[in-house]
Amino acid sequence: MENSGLVSVITPTYNRREFIVEAIESVLAQTYPNWQMLIIDDGSTDDSIEVIKPYLKDERIQYFYQENQGQAFARQQALKKAEGEYVAFLDSDNLWLPERLALGVEALKNNHRVDVCYGDLITIDEKGQVISTANMKRYSGWIAPLMMRQNFVSMNTTLIRKHAIDRVGGFRSNVTRGDDYDLYFRIAAESKYLYLAHRLAKYRVMENQISSNKEARFESDLEIIANFTSNYPKAISRIQWLRGMSSRFVNMARYYSSTGEKINGIAFSLKAVLYAPWWIGSWRVLLKSIAG
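Reading the values: rules and limits
- Residues numbered from 1 in each chain as written.
- Predicted model: local features only at pLDDT ≥ 70, side-chain atom pairs only at ≥ 80, totals over all residues.
- Heavy atoms only, no water.
- Salt bridge = Lys/Arg side-chain N within 4 Å of Asp/Glu carboxyl O.
- Buried < 20%, exposed > 50% of the residue type's maximum accessible area, 1.4 Å probe, protein only.
- Helix = DSSP H or I, 4+ residues; strand = E, 2+ residues; numbered from the N terminus.
- Pairing = 2+ DSSP bridges.
- Expected span 1.5 Å × (residues − 1).
- Arc of directions from axis to C-beta.
- Contact = heavy atoms within 4.5 Å.

J.: Which residues make up the pattern of salt bridges, and what are the values?
T.: Opposite charge on two side chains lets them pair, provided their charged atoms get close. Counting across every chain of the model gives 17 salt bridges. Note that Glu 50 is salt-bridged to Lys 53, the shortest N-O span being 3.7 Å. The exposure class assigned to Glu 50 is partly exposed, which follows from its relative accessible area of 43%. For Lys 53, a relative accessible area of 46% gives the class partly exposed. Where Asp 91 meets Arg 75, a salt bridge forms, and the shortest distance between an N and an O atom there is 2.7 Å. Of this pair, Asp 91 sits in the loop between strand S4 (86–89) and strand S5 (95–96) while Arg 75 is found in helix H3 (residues 71–81), placing the two residues 16 residues apart along the sequence. Via salt bridges that share partners, Asp 115, Arg 161, Arg 167 and Glu 190 belong to a single interconnected network.

Listed below in structure tokens is the structure:
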């Protein structure tokens, strides 16, 4: 397996027997053939290994089992085994479209000053039925100030130069929610991103996903932002930080207003205004929160 052009595909899994075959099949269906797939089983208690075993005949696919230690730890262990020039992530309940790797490799080969490229998603349900093809706005270039406001980098569509991950130390194992946001935010302090206007992956929405707890995710994101600003103080200006924090509180206000928690909605709207009183968006959300 040649390192040059090789893509290391990292797939952490935990009790995803019913979906992981689709994930593996979508990697096998890639039009770009130079890849290795590292499946890290984070202590599954179902019989995932039984459905994975037949695919291990392909020498490009490797399986590793560990006691349950969390998604970030599993991904970090896989990074230590990754041999590729590039790294891609595929969660075991999601799947890729066939041109996903080919488009990413071509983009990075043609843009030497870019370390990460990424694209859009198709959202599906547990049965694989399409829920939506709509996507949030995404950006290219030095995106760290915009990453303050929200995480718009879809992990299952990224292709990253491995040296860019190594430069920031990979995943922090103590980040139990938003480990992807934490990694991409830190990479954005030193690397340019390129958005590809293509749908590259299918993202499955399920009730028991780690990312489904909105309140816990808000709290985790604020901790990630605090860590980032402490370790990369020159990456974002004071004005950009204030605007970013205001956007975070706007998102929280909108969420609480949507759940009928009017007082919380108003409280976070006020925080948004205090952080960025010049931004009309914070005032607009405050008025909407008050009006209910």
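Text resumes after the structure shown.
J.: Any details on the pairing of strand S6 (residues 114–124)? Residues and values, ideally.
T.: In summary, the side chains of a regular strand alternate between the two faces of the sheet. Most of S6 sits out of view: eleven of its eleven residues are buried. Alignment of S6 against strand S9 (residues 192–204), held across nine bridges, turns out to be parallel. Note on S9: the bridge partner recorded for Thr 123 is Tyr 203. Both S6 and strand S8 (residues 159–161) contribute to a ladder of two bridges, which runs antiparallel. Pairing of Cys 117 across the sheet is with Leu 159, part of S8. In this sheet, strand S7 (residues 130–132) lies alongside S6 in antiparallel orientation, the contact comprising two bridges.

J.: Any chance you could break down helix H10 (residues 262–275) for me, citing the residues and the numbers?
T.: Under the 1.5 Å per step criterion, the end-to-end length of H10 is 20 Å for 14 residues, consistent within 8% with the ideal 20 Å. Turning to H10, its buried residues are Gly 265, Phe 268, Ser 269, Ala 272 and Val 273. The buried residues of H10 occupy one face: seen down the axis, they fall within an arc of 150 degrees. Exposed side of H10, more than 90 degrees from the buried face: Ile 263 and Leu 274 are the residues found there. Residues of H10 that are buried in the fold lie against helix H9 (238–258) and helix H11 (280–291).

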